[in-house]
Amino acid sequence: MEVYLVRHTTPKIDKGICYGQTDLEPDQDLFEQELRKIRHQLPQDIEQVYSSPLVRCEQLAQQLSDEVSLDPRLMELDFGHWEHKRWSEIEASELSSWMEDFVNVQAGKGESYLDLHNRTCAFVKDLMVSGHQKVVVVTHAGNMRSFISYVLALPLENSFRIQLTYGTVVRITLGKNPFEHMLHLTPHF
């Protein structure tokens, strides 16, 4: 199965603000340009498009297909009471505790990265038995890093070394067993 992971386009929000499950609109000044780049990296014969239900993903997914399956497991990390606050306003001790062990510590009493990873893995396992051969998954950087970690068996604490800009497309092949999973550095149609 070929999976094209797509990070949403640039959201409309000021820099320096913590957002995960905050529902943000895409930046309309950049949307069309970023959409063209994304489309150029996707094959024409996609069977199914899955998306996070957050509007910054859903609007992009709807431009890629008339039929989109929304799945809450594809939502970004829930930052709890940190959502929509400036990073500089978050209590330093709370932020420090999370940064020391972001895999296991809940961000703002919301979710830990392990919580997000468990959601993502449940989605991947369901995807593998869906019967589809080519799918697009429109989601967020945290979920994409989690998905890549699953595919490559990377420790979660190392996944934040993977840089994913807005509109990034990553092609993955899911095999019948973990040794057949592959990450492709360039799209191939």
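Going by the structure above, here's the rest.
Turning our attention to the overall build of the protein chain. The number of helices and strands found in the protein chain is 5 helices and 6 strands. Helices and strands in the protein chain line up, N terminus first, as β-α-β-α-β-α-α-β-α-β-β. Overall, the protein chain is about 50 × 40 × 25 Å in size when its C-alpha atoms are taken along their principal axes. Long-range contacts, defined here as pairs at least 24 residues apart, represent 70% of the contacts in the protein chain between residues at least 6 apart. Within the structure as shown, the protein chain displays about 9,800 Å² of accessible surface, and the carbon and sulfur contribution to it stands at 50%. Positive and negative side-chain charges of the protein chain, numbering 18 and 27 respectively, have mean locations separated by a distance of 5 Å.

Here the focus is the side chain of His8. One can find His8 in the loop between strand E1 (2–7) and helix H1 (28–40). Looking at His8, its side chain comes within polar contact range of the side chain of Arg56, at 3.4 Å. Residues contacting His8, with those up to four places away along its chain left out, are Arg56, Cys57, Leu60, Thr139, His140, Tyr166 and Gly167.

Residue pairs three or four apart in sequence face the same way in an α-helix, which turns once every 3.6 residues. Given a rise of 1.5 Å per residue, 16 residues ought to cover 22 Å, and the 22 Å separating the end C-alpha atoms of helix H4 (residues 113–128) matches this to within 8%. Along H4, the residues that are buried comprise Tyr113, Leu116, His117, Arg119, Thr120, Cys121, Phe123, Val124 and Leu127. Elements that come into contact with the buried residues of H4 comprise E1, strand E2 (48–51), strand E4 (134–139) and helix H5 (141–152).

What follows concerns the sheet that holds E4. The strand order E3-E2-E4-E1-E5-E6 describes an open sheet built from 6 strands, whose pairing is mixed. The sheet is open, and its two borders are formed by strand E3 (68–70) and strand E6 (182–184), each paired with just one other strand. Ignoring strand direction, the axes of neighbouring strands in this sheet form an average angle of 25 degrees. Of the pairings in the sheet, the one linking strand E5 (residues 169–173) to E6 comprises 3 bridges and is antiparallel in character. Its bridge partner lying in E6, Ile172 is registered against Leu183. Along the sheet, H5 contacts E1, E4, E5 and E6; its crossing angle with E1, the most-contacted strand, is approximately 150 degrees.

Attention shifts here to unusual backbone geometry. Its identity is not glycine, yet Lys109 carries a phi of approximately 65 degrees, on the positive side. Here Lys109 shows up in the loop between helix H3 (92–100) and H4. Residue Lys109 is classed as exposed on the basis of its relative accessible area, which comes to 67%.

Counting 19 residues, the largest nonpolar core has Val3, Leu5, Leu127, Val137, Phe147, Ile172 and Leu174 as its most contacted members. Elements supplying a minimum of two residues to this core: E1, H4, E4, H5 and E5. The element best represented in this core is H5, accounting for 5 residues. Ignoring sequence-local partners within four residues, the contact set of Val3 consists of Leu127, Val135, Val137, Phe147, Val170, Arg171, Ile172 and Leu174.

With that out of the way, let us pick up the pattern of salt bridges. As enumerated under the stated definition, the model contains 5 salt bridges in all. Taking the shortest distance from any N to any O, the salt bridge between Arg171 and Glu2 comes out at 3.7 Å. Of the two residues, Arg171 sits in strand E5 while Glu2 sits in strand E1, which places them 169 residues apart along the sequence. Overall, the relative accessible area of 9% leaves Arg171 in the buried class. On the accessibility criterion, Glu2 (19% relative accessible area) is buried. Note that Lys134 is salt-bridged to Asp45, the shortest N-O span being 3.1 Å. Of this pair, Lys134 sits in strand E4 while Asp45 sits in the loop between H1 and E2; the two residues are 89 residues apart in sequence, bridging distant segments of the chain. The partly exposed category is assigned to Asp45, whose relative accessible area is 45%. Through salt bridges with shared partners, a single network forms among Asp71, Arg73 and Asp126.

Reading guide: rules and limits
- Note on numbering: residues in each chain are counted from 1, in written sequence order.
- This being a predicted model, a pLDDT of at least 70 is required before a residue's local features are given, and a value of 80 or more before pairs of side-chain atoms are given or counted; all residues contribute to the totals for chains, interfaces and linings.
- The side-chain quantities take in all heavy atoms of the structure and omit both hydrogens and water.
- The helix and strand labels rest on DSSP assignments: H or I over at least four residues marks a helix, E over at least two residues marks a strand, and numbering proceeds from the N terminus.
- For this analysis, residues touch if any pair of their heavy atoms sits within 4.5 Å.
- Residue burial considers only the protein chains on display, and all accessible areas are found by Shrake-Rupley using a 1.4 Å probe.
- Within this scheme the basic residues Lys and Arg register as positive and the acidic residues Asp and Glu register as negative, but His and the chain ends are omitted.
- Lysine's charge is taken at NZ, arginine's at CZ, aspartate's at CG and glutamate's at CD.
- A 3.5 Å cut-off defines polar contacts: any pair of N or O atoms within that distance qualifies, except that in protein one atom must be a possible hydrogen donor and the other a possible acceptor, and neighbouring residues in sequence count only when both atoms are side-chain atoms.
- Expected helix span is computed as 1.5 Å times (number of residues minus one).
- Whether a residue is buried, partly exposed or exposed follows from its accessible area with a 1.4 Å probe, protein chains only, as a fraction of its type maximum: under 20%, in between, or over 50%, in that order.
- Paired strands, in this sense, are two strands between which DSSP finds at least two bridges.
- Each axis is a line fitted through C-alpha atoms, taken for helices only over the stretch in contact, and angles between the N-to-C directions span 0 to 180 degrees.
- Residues belong to one nonpolar core when they are buried, are Ala, Val, Leu, Ile, Met, Phe, Trp, Tyr or Cys, and are joined through side-chain atoms within 4.5 Å.
- The salt bridge definition used is simple: a Lys or Arg side-chain nitrogen within 4 Å of an Asp or Glu carboxyl oxygen.

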